[in-house]
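Breakdown of the fold
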2 protein chains.
Amino acid sequence: MPIVGKVNNITIDKCTKMGVVFKDVVAACEVVNCNGVEVQCQGSAPTISVDNTSGCQLYLSKDSLGASITTAKSSEINVLVPTGPDGDWGEHSLPQQYIHAFKDGQFETTPVSHSGA
Amino acid sequence: MPIVGKVNNITIDKCTKMGVVFKDVVAACEVVNCNGVEVQCQGSAPTISVDNTSGCQLYLSKDSLGASITTAKSSEINVLVPTGPDGDWGEHSLPQQYIHAFKDGQFETTPVSHSGA
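A quick note: this is a predicted structure, and the numbers were derived from the prediction, not measured.

**Description of the environment of Y59(B)**
Residue and element names in this part refer to chain B. The residue Y59 is located in strand β5 (residues 54-59) in this model. The sequence separation of Y59 and G105 amounts to 46 residues, and the corresponding C-alpha distance is 40 Å. If near-sequence neighbours (up to four positions away) are discounted, Y59 is found in contact with E38, V39, Q40, C41, L80 and W89.

So this is what it looks like as structure tokens:
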């Protein structure tokens, strides 16, 4: 599903196996309660949040590389970033597991990285 | 539900509003697909993992303070640790949201902490 032009906000809720392509989003793009979705940002987006979602391929553009991606209760989130001028993509899987250890009176959280990314 | 003696492994799967008290676990205690459970470890446990669970109160003992707690796809996980000799508990909520930012060719993950813990 292509979204044309500049929009303020995009929310993709309860979708399975869906693809969304958009150019610019002013505020945030949210993916919630989804399953196996593909989202491509061709312009800029300050914030992308993924909540309660299993499986999301997130394609960023050069202008949205600085996006802050927030995840909660999600797994299998991959972010694809453009590498080089020839249209290649670099794939990075976001951590989905975290270790919390009690140290000096509080918990320290470390993401568990399964890939070499 | 009390579990007496030393056991190798405990798995609490698909439980809602349930309480489990155990003393020692040799390998790991796992909480998966649960909703609002209370788990108390009175002895030692090397690993406690919480997966796909919303709402878990985890009571540790002095001997299990060193446990490594792993979470994935979970929210509202609170860990209660004994403070002082008078049986008081200190409550720590584990982060459930994470921010991923692209830096120097890879993603850096930071837990979002809502509490002052």
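**Concerning the relation of the copies chain B and chain A**
For the pair chain B and chain A, the superposition axis carries a translation of 0.0 Å, the fit reaches an RMSD of 0.0 Å, and the rotation angle comes to 180 degrees. Here the symmetry operator amounts to a two-fold rotation axis. Within chain B, the C-alpha atom positioned nearest to the axis of rotation is that of K73(B), 1.8 Å from it. In this assembly the copies share their binding face: 100% of the residues contributing to the interface of chain B also contribute to that of chain A.

**Quick word on the pairing of strand β3 (residues 35-41) of chain A**
All names here are of chain A. Sheet topology places strand β2 (residues 19-32) next to β3; four bridges connect them, and they run parallel. Residue pairing across strands places V20 opposite V39, the latter belonging to β3. Looking at chain direction, β3 and strand β5 (residues 54-59) are connected through five bridges and run parallel. In the sheet register, Q40 faces β5, and the bridge partner there is Y59.

**What about the interface of chain B and chain A?**
The interface is formed by 29 residues belonging to chain B together with 30 residues belonging to chain A. Contact with chain A buries area across many residues of chain B, yet K73(B), H100(B) and F107(B) alone supply 27% of it, more than any other trio. One can count zero salt bridges joining chain B with chain A. Here chain B and chain A share eight residue pairs in polar contact (both at pLDDT 80 or more) between them. Breaking the side of chain B that touches chain A down by element, the ones donating at least two residues are β6 (68-72), β7 (75-83), β9 (97-103) and β10 (106-112) of chain B. Taken together, the four bridges between strand β9 (residues 97-103) of chain A and β6(B) define a ladder with antiparallel strand orientation. Bridged to H100(A) within β6(B) is I69(B).

**Concerning the state of the cysteines**
Applying the stated criterion across every chain yields a total of zero disulfides over all chains. No disulfide involves C34(A); its sulfur sits 4.8 Å from the nearest other cysteine sulfur, which is in C15(A). Between C29(B), a cysteine without a disulfide, and C41(B), which holds the nearest cysteine sulfur, the sulfur-to-sulfur distance is 7.7 Å. Residue classification places C29(B) among the buried positions, given a relative accessible area of 0%.

Parameters at a glance
- Think of each chain on its own: its residues are numbered from 1, step by step along the sequence as written.
- Lettering for chains starts from A, numbering for ligands starts from 1, and both go in the order in which the items are written.
- At least 70 in pLDDT is required for a residue's local features to be given in this predicted model, at least 80 for side-chain atom pairs to be given and counted, and no such filter applies to totals for whole chains, interfaces and linings, which use all residues.
- No hydrogens and no water enter the side-chain calculation; it runs on all heavy atoms of the structure.
- Note on conventions: DSSP H or I runs of at least 4 residues are helices, E runs of at least 2 residues are strands, and numbering of each starts at the N terminus.
- Two residues form a contact once any of their heavy atoms are found within 4.5 Å.
- Alignment of copies: least-squares fit on C-alpha atoms of residues with pLDDT of at least 70 in both copies.
- Note: two strands are recorded as paired if DSSP finds a minimum of 2 bridges between them.
- When two parts are put together, the accessible area they lose, computed with a 1.4 Å probe and summed over both, is reported as buried area.
- Should a side-chain nitrogen of Lys or Arg be within 4 Å of a carboxyl oxygen of Asp or Glu, the pair is scored as a salt bridge.
- Pairing of N or O atoms within 3.5 Å defines a polar contact, subject to two protein rules: one partner must be a possible hydrogen donor and the other a possible acceptor, and residues neighboring in sequence count only if both atoms are side-chain atoms.
- Here, the term disulfide refers to a pair of cysteine sulfur atoms separated by no more than 2.5 Å.
- Buried, partly exposed and exposed residues are distinguished by accessible area as a fraction of the type maximum, computed with a 1.4 Å probe on protein chains only: under 20%, between the cut-offs, and over 50%, respectively.

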